[in-house]
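Architecture at a glance
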Amino acid sequence: MKEGYSGGIDYEIFGVPNDVKIMEDISYLMQVYKHRNLSVYVVDEQNNEIVGLCIAGISEKMPLGFAEIGELCVVPQYRHKGIAEYMLNYIKQSASAYTEVIKLCVTVGNNAELLYKKTGFQAGPRFARMTKRN
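Residues numbered from 1 in each chain as written. Predicted model: local features only at pLDDT ≥ 70, side-chain atom pairs only at ≥ 80, totals over all residues. Heavy atoms only, no water.

1. What about the overall build of the protein?
Stated formally: Counting from the N terminus, the helices are the DSSP runs of H or I reaching at least four residues and the strands are the DSSP runs of E reaching at least two. Relative accessibility thresholds used throughout: buried, under 20% of the residue-type maximum; exposed, over 50%; partly exposed, between the two (1.4 Å probe, protein chains only). Contacts are residue-level and defined by heavy atoms, with any inter-residue pair within 4.5 Å sufficient. To be clear on the numbers: accessible area is Shrake-Rupley with a 1.4 Å probe, and residue cover counts the displayed protein chains and nothing else.
Regarding its fold elements, the protein presents five helices and five strands. Secondary structure elements in the protein, listed N-terminal to C-terminal, are α-α-α-β-β-β-β-α-β-α. Across the 134 residues in the protein, those meeting the buried criterion constitute 34%. Taking contacts inside the protein between residues at least 6 apart in sequence as the whole, the part at least 24 apart equals 55%. Within the structure as shown, the protein displays about 9,500 Å² of accessible surface, and the carbon and sulfur contribution to it stands at 51%.

2. Things to note about the packing of aromatic side chains
Rules: Here the aromatic set is Phe, Tyr and Trp, taking the six-membered ring for Trp, and pairing holds for ring centres within 6.5 Å; pairs whose planes are under 30 degrees apart are stacked, those over 60 apart are edge-to-face, and all others are tilted.
This model, assessed by the stated rule, comprises two aromatic pairs. Here Y86 and Y90 contribute two aromatic rings whose centre-to-centre distance is 6.3 Å and whose plane-to-plane angle is 35°, an arrangement assigned as tilted. Placement of the pair is Y86 and Y90 together in helix α4 (residues 83-95), with a separation of four residues, close to one helical turn. Classification of Y86 by relative accessible area gives partly exposed; the value is 47%. On the accessibility criterion, Y90 (34% relative accessible area) is partly exposed. On the numbers, 6.2 Å between centres and 70° between planes, the contact of Y116 with F121 is edge-to-face.

3. Examining helix α3 (residues 19-32)
As a reminder, the rule being used: Expected span of a helix, by definition, is 1.5 Å for each gap between consecutive residues, and there is one gap fewer than residues. By arc we mean the arc of the directions from the helix axis to the C-beta atoms, nothing more.
The end-to-end C-alpha separation of α3 is 20 Å, in line with the 20 Å expected for 14 residues at 1.5 Å each. Considered for burial, the residues of α3 that qualify are I22, I26 and L29. Here the buried residues of α3 occupy an arc of 65° about the axis, which is enough to place them on one side. When the buried face of α3 is taken as reference, the exposed residues oriented beyond 90 degrees from it are V20 and Y28.

4. Overview of the pairing of strand β2 (residues 40-44)
Taken residue by residue, a regular strand's side chains alternate between the two faces of the sheet. As a reminder of what qualifies: By this definition, two strands are paired if DSSP reports at least two bridges between them.
Only one face of β2 is buried: it carries V40, V42 and D44, and the other face, with Y41 and V43, is open. Pairing geometry for β2 and strand β3 (residues 49-58), over five bridges, is antiparallel. When the bridges of β3 are listed, V43 appears paired with I50. Hairpin geometry of β2 and β3 is characterised by an intervening segment of four residues between the two adjacent antiparallel strands and by a positive phi of about 55° at N48.

5. Examining the state of the cysteines
Which entries qualify depends on this criterion: Two cysteine sulfurs form a disulfide in these notes if their separation is within 2.5 Å.
Applying the stated criterion to the full structure yields zero disulfides. C73 provides the cysteine sulfur closest to C54, a residue in no disulfide bond, and the two sulfurs are 8.7 Å apart. Relative accessible area serves as the criterion here: at 0%, C54 is assigned to the buried category.

Structure follows, in structure tokens:
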């Protein structure tokens with residue numbers, strides 16, 4: 001996941017988390033979505049490495065039972081090959097059996113905003129003047 005986010009705006013703004021923090025975040029999201037996990041990953045079968053990851057699901061505590069995408073990343077050398085689009089469409093199809101609504105948050109200025117629009121996501125309210133707590 002760390003490599004999949006490299007060069008992204010979130011790391012530029014918030015810094016690069018260490019491996020322990022990344023594993024804590026993944027574990028947390030998997031716990032949140034254990035009620036109905038919709039996550040997907042893509043593997044390069046030639047070297048047996050994960051090249052794309054989308055952690056998503058429906059939490060028992062999610063209002064109205066909406067699905068949510070918690071993380072989406074693709075390793076840099078595999079970008080622009082349709083992997084992220086495939087994963088988003090997979091999540092949308094998987095979630096459709098349970099809900100019509102899938103939520104995700106994106107940092108303003110993230111290049112993925114264009115991909116989200118392309119795959120049918122609509123912009124919601126923007127959050128402004130958010131800061132990182134120390």
